[in-house]
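What follows is each chain in one-letter form.
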Amino acid sequence: DNTVEQFCTNEMSVDETGLRRLQAVPNPATDHLFLTDVPPGATVSVTDLLGRPVCAPIHMDGQDRIPTADWPRGWVVVRATSDSGTLTARVLLH
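What you see is a predicted model; the values in this text were computed from it and never measured.

Chemist: Talk me through the side chain of Ser82; I want residue IDs and the actual numbers.
Modeler: Of note, Ser82 is situated in strand E7 (residues 74-82). Taking the relative accessible area as the measure of exposure, Ser82 reaches 18% and is therefore buried. A polar atom in the side chain of Ser82 sits 2.9 Å from the side chain of Ser84. Among residues more than four places away in sequence, those in contact with Ser82 are Pro39 and Ala42.

Chemist: Provide a residue-level description of the sheet that holds strand E6 (residues 65-67), including the pertinent values.
Modeler: One key point about sheets: their strands pair by backbone hydrogen bonds, in either a parallel or an antiparallel sense. Strand order in the open sheet formed by 3 strands is E2-E3-E6, and the pairing between neighbours is antiparallel. One side of each edge strand has no neighbouring strand; the edge strands of this open sheet are strand E2 (23-25) and E6. Direction aside, the axes of adjacent strands within the sheet are offset by 30° on average. Of the pairings in the sheet, the one linking E2 to strand E3 (residues 32-36) comprises 3 bridges and is antiparallel in character. Across the sheet, residue Gln23 finds its bridge partner in E3, namely Thr36.

Chemist: Let's hear about the pattern of salt bridges: which residues, and what values?
Modeler: Scanning all chains against the criterion turns up 1 salt bridge. One salt bridge in this structure joins Asp48 and Arg52, with 2.6 Å as the shortest N-O distance. When its relative accessible area of 17% is taken as the criterion, Asp48 is described as buried.

Chemist: Explain the environment of Ala42 to me, using residue names and the numbers behind them.
Modeler: Its location among the elements puts Ala42 in the loop between E3 and strand E4 (43-48). As for Ala42 and Ile58, which are separated by 16 residues in sequence, their C-alpha atoms are 8.4 Å apart. Aside from chain neighbours lying at most four places away, what touches Ala42 is Ile58, His59, Met60, Thr81 and Ser82.

Chemist: How would you sum up the pairing of E4? Please name residues and give values.
Modeler: Successive side chains on a regular strand alternate, one facing one side of the sheet and the next facing the other. With 2 bridges connecting them, E4 and strand E5 (residues 58-59) associate as antiparallel partners. Counted as the bridge partner of Thr43 is His59 from E5. One ladder, built from 6 bridges, connects E4 with E7; its direction is antiparallel. Bridging from a neighbouring strand, Asp48 pairs with Val76 of E7.

Rules and cut-offs
Residues numbered from 1 in each chain as written. Predicted model: local features only at pLDDT ≥ 70, side-chain atom pairs only at ≥ 80, totals over all residues. Heavy atoms only, no water. Helix = DSSP H or I, 4+ residues; strand = E, 2+ residues; numbered from the N terminus. Buried < 20%, exposed > 50% of the residue type's maximum accessible area, 1.4 Å probe, protein only. Polar contact = N/O pair within 3.5 Å; in protein donor to acceptor, adjacent residues only side chain to side chain. Contact = heavy atoms within 4.5 Å. Pairing = 2+ DSSP bridges. Axes fitted to C-alpha atoms, helices over the stretch in contact; angles between N-to-C directions. Salt bridge = Lys/Arg side-chain N within 4 Å of Asp/Glu carboxyl O.

Listed below in C-alpha cells is the structure:
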C-alpha cells in the first residue's frame, strides 16, 4: 500500500534540510570541543538525545573552546543560538 509506505518513509523521518550545521571538532571528542563560525554573543546549549540538558547554557564571548570532560559520554546535540538563527551539531563524546 503506497499510503503506508509514504507514511513510514516521509512522516516518521526528521527533515534536516532546513538545519544549518555547526562545526564542532574533534568529533568524537574527549575533553573539549572547538566550535567554529559561532556568532559573537550566541548561546550554546547542549542536550543528550532525549533532550535533557548536559550542562548550563554557555554564552559565547569570543572563545571557541568548550570543556567537555565533565559531560556524560555518548551522543549530544550542540546548538548555538543567536539573533541570526540556530546552528546545530551532533557530537559523540567518548
